[in-house]
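Notes for the structure review
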Amino acid sequence: MYKIGIDLGGTNIAAGIVDDNGKILLKKSVPTCASRPKEEIIDDIASLCYELTSDASMDFADIDAVGIAVPGGVDEKSGEILFTPNIPFSNINICSILSEKFSGKKVGVANDANAATLAEVMCGAAKGADNAVMITLGTGVGGGIVINKKIYSGSNGLAAEIGHFVIEFGGERCGCGRRGCFEAYGSATALIRMTKEELNECFMSGESTLMAESSRISARTPFDAFKAGDAAAARVIEKYISYLANGISSLINIFQPDVFIIGGGISGEGKFLTDLLEPKIDEEDFARTAQKRTKVCTALCGNDAGIIGAAFAV
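Residues numbered from 1 in each chain as written. Predicted model: local features only at pLDDT ≥ 70, side-chain atom pairs only at ≥ 80, totals over all residues. Heavy atoms only, no water.

1. Points about the overall build of the chain
To be explicit about the condition: Numbering of helices and strands runs from the N terminus; a helix is a DSSP stretch of H or I covering at least four residues, while a strand is a stretch of E covering at least two. Buried means the residue's accessible area, taken with a 1.4 Å probe over protein chains only, is under 20% of the maximum for its type, while exposed means over 50%, and partly exposed covers the values in between. By definition, residues are in contact when any of their heavy atoms lie within 4.5 Å. Only four residue types enter the tally: Lys and Arg on the positive side, Asp and Glu on the negative side; His and the chain ends are excluded. Working definition for charges: the position is that of NZ of Lys, CZ of Arg, CG of Asp or CD of Glu.
Counting its regular elements, the chain contains 9 helices and 13 strands. By its C-alpha atoms, the chain is 65 × 45 × 35 Å across when sized along the principal axes. Within the chain, buried positions represent 51% of all 314 residues. Long-range contacts, defined here as pairs at least 24 residues apart, represent 61% of the contacts in the chain between residues at least 6 apart. The positive charge centre, built from 29 side chains, and the negative charge centre, built from 40, are 2 Å apart in the chain.

Written out as structure tokens, the structure reads:
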């Protein structure tokens, strides 16, 4: 049977027809235009799903269920979206609304980061695993937890805010309002901040650095300069990797998952990133002498993770 997975974002609504192996047969997207009334956005979601089956020369009856992944908190059992930042979907039962538009077809909802983790378990980097934890390293630090191949969302749908446990008491201010959160040290935003701080130190001391040649400082800037042998970049990467490994080790110590997955833009560094992390994680892993250890790897599903995970979350 086939399912439709929908990845609702602030910029685009992406949807795809997904088979039982996690393969996307066809996908399409439309702009969200999130400032519109929710009714218009929901109508576009429904239209997109019907267009998909038509373009795939399928009858909508061939679709077993529909899942939607959304940013924010959800109650998976009731189908209610508790809140969504930047999209007017808070406090609505998206499952019942869409089910009515799909003639009673089963509809499920999941947080987008949790859905991405489930995608990696079902057909990505953690395929075959029962338990996995994933972090996404972007503007912030997101993530998800899968236990026994099921999303863990807590008693209120708000679990797995992985970026918001404290690793540096009284440290950098986080976007959530706390100080010292993992997000404030492990995100791409944090790496850019560390890079700019090092560049300022180099400017003050007169030390030359390849990082100063970048027209725009990004998370790639220190990695590229480090690979070229730049000493200042090496200091930035050492600092960042130490914080990142500290956060990952803490999560591994709590969950001891089969697989720990790193996603988001920085995960594009692939094995180069995991090779830097693993020695530091080994030092801090409580189970470092155990016969069975958590595998640390980078994500494989990419931008399709939300679609695939939403389909499997039904």
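2. Structural notes on a nonpolar patch on the surface
Worth spelling out the cut-off: Only residues above 30% relative accessible area that lack a salt bridge enter a patch, with like-charged residues linked at up to 9 Å and the nonpolar side chains Val, Leu, Ile, Met, Phe, Trp and Tyr linked at up to 5 Å. Areas reported here follow the Shrake-Rupley algorithm with a probe of radius 1.4 Å; residue values treat only the protein chains shown as occluding. For this analysis, a salt bridge means a side-chain nitrogen from Lys or Arg found within 4 Å of a carboxyl oxygen belonging to Asp or Glu.
On the surface, a nonpolar cluster with roughly 380 Å² of combined accessible area is contributed by Ile147, Tyr152, Ile254 and Phe255. Relative to the helices and strands, Phe255 is located in helix H7 (residues 231-255).

3. Comments concerning the sheet that holds strand S8 (residues 106-111)
Condition: Only when DSSP finds a minimum of two bridges between them are two strands counted as paired. Note on geometry: axes are lines fitted to C-alpha atoms, helical ones only across the stretch in contact, with angles between N-to-C directions running from 0 to 180 degrees.
Strand order across the open sheet formed by 5 strands is S3-S2-S1-S4-S8, with mixed pairing between neighbours. Whereas interior strands pair on both sides, the edge strands pair on one side only; in this sheet they are strand S3 (24-31) and S8. Each strand axis lies, on average, 20° off the axis of its neighbour in the sheet, ignoring direction. The sheet contact formed by strand S4 (residues 63-70) and S8 spans 6 bridges and is parallel. Within S8, the position partnered with Val66 by the bridge is Val107. In the packing of helix H2 (residues 94-101) onto the sheet, contacts are made with S4 and S8, and the angle to S8 comes to roughly 145°.

4. Topic: the sheet that holds strand S9 (residues 132-137)
Strand order in the open sheet formed by 5 strands is S11-S10-S9-S12-S13, and the pairing between neighbours is mixed. Unpaired on one side and paired on the other, strand S11 (150-151) and strand S13 (295-298) mark the two borders of the sheet. Relative to S11, strand S10 (residues 141-147) is paired through 2 bridges, and the arrangement is antiparallel. Paired with Ile147 across the bridge in S11 is Lys150. Where helix H3 (residues 112-123) meets the sheet, its contacts fall on S9, S10, S11 and strand S12 (259-263), and the angle it forms with S10 comes to roughly 55°. Contacts from H7 reach S9, S10, S12 and S13, with the element oriented near 155° to S9.

5. Brief notes about the nonpolar core
For clarity, the threshold we go by: Here, nonpolar core refers to any group of buried Ala, Val, Leu, Ile, Met, Phe, Trp, Tyr and Cys residues whose side-chain atoms link them within 4.5 Å.
Ile135, Leu244, Ile248, Phe260, Ile262, Ile266 and Leu277 are the most contacted members of the largest nonpolar core, which has 43 residues in total. Sorting the residues of this core by element identifies S9, S10, helix H4 (183-186), helix H5 (188-205), helix H6 (220-227), H7, S12 and helix H8 (271-284) as the ones contributing at least two each. Considering every element that reaches this core, the biggest residue donor is H7, with 12 residues. Setting aside residues up to four positions removed in sequence, Ile262 forms contacts with Ile135, Leu137, Ile248, Ser267, Leu273, Leu277, Val296, Cys297, Thr298 and Ala299.

6. Thoughts on the pairing of S4
Buried residues dominate S4, accounting for 7 of its 8 residues. Sheet topology note: the strand S1 (residues 2-8)/S4 ladder contains 6 bridges and is parallel. Of the residues in S4, the one forming a bridge with Gly5 is Gly67.

7. Focus on H8
Test applied: The span you would expect from a helix comes to 1.5 Å times its residue count less one. Throughout, the bend at a residue refers to the angle made by two axes, fitted to the seven residues ending there and to the seven starting there.
With 14 residues, H8 extends 20 Å from end C-alpha to end C-alpha; this agrees with the ideal 20 Å at 1.5 Å per step. Where H8 bends most, the angle comes to about 30°, and this point is Glu278, followed within four residues by the proline Pro279. Of all the residues in H8, the buried ones are Leu273, Thr274, Leu277 and Ile281. Structurally, H8 contributes buried residues whose contacts are with H6, H7, S12 and S13.

8. A few points about the packing of aromatic side chains
For clarity, the cut-off: Centres within 6.5 Å make a pair out of two Phe, Tyr or Trp rings, where for Trp the six-membered ring is used; the pair is then stacked when the planes are under 30 degrees apart, edge-to-face when over 60, and tilted otherwise. Only Lys NZ and Arg CZ are tested; either one counts as a charge over a ring when it is within 6 Å of the ring centre and within 35 degrees of the ring normal.
Taken as a whole, this structure holds 7 aromatic pairs when the rule is applied. Taking the centre distance of 5.6 Å and the plane angle of 70° together, the rings of Tyr50 and Phe102 count as edge-to-face. Of this pair, Tyr50 sits in helix H1 (residues 38-55) while Phe102 sits in the loop between H2 and S8, and the two are 52 residues apart along the sequence. Members of the aromatic cluster, joined through ring pairs, are Tyr50, Phe60 and Phe102. The side chain of Arg193 reaches across the aromatic face of Tyr185, ending 5.7 Å from its centre. The ring of Phe272 is capped by Lys227, whose NZ or CZ atom sits 4.8 Å from the centre of that ring.

9. Quick notes on the packing of H6 against H7
Our working rule: Roughly parallel here means an angle under 35 degrees, roughly antiparallel means over 145, roughly perpendicular means 65 to 115, and every remaining angle is called oblique. Here is the rule for handedness: rotate from the far helix to the near one, and if that takes an anticlockwise turn smaller than a right angle the crossing is left-handed, while a clockwise turn gives right-handed. Gly is placed with the polar residues, together with every amino acid not listed as nonpolar (Ala, Val, Leu, Ile, Met, Phe, Trp, Tyr, Cys and Pro) or charged (Asp, Glu, Lys and Arg).
Packing of H6 against H7 brings their axes to within 8 Å, and their N-to-C directions diverge by 125°. It follows that H6 is oblique to H7 by the angle criterion. For the element pair H6 and H7, the recorded crossing hand is left-handed. Within the contact between the two elements, H6 uses Pro222, Phe223, Ala225 and Phe226 and H7 uses Ala233, Ala234, Val236 and Ile237. For the contact of H6 with H7, the residue count by class is 8 nonpolar, no polar and no charged.

Just distances and angles here, no functional claims.
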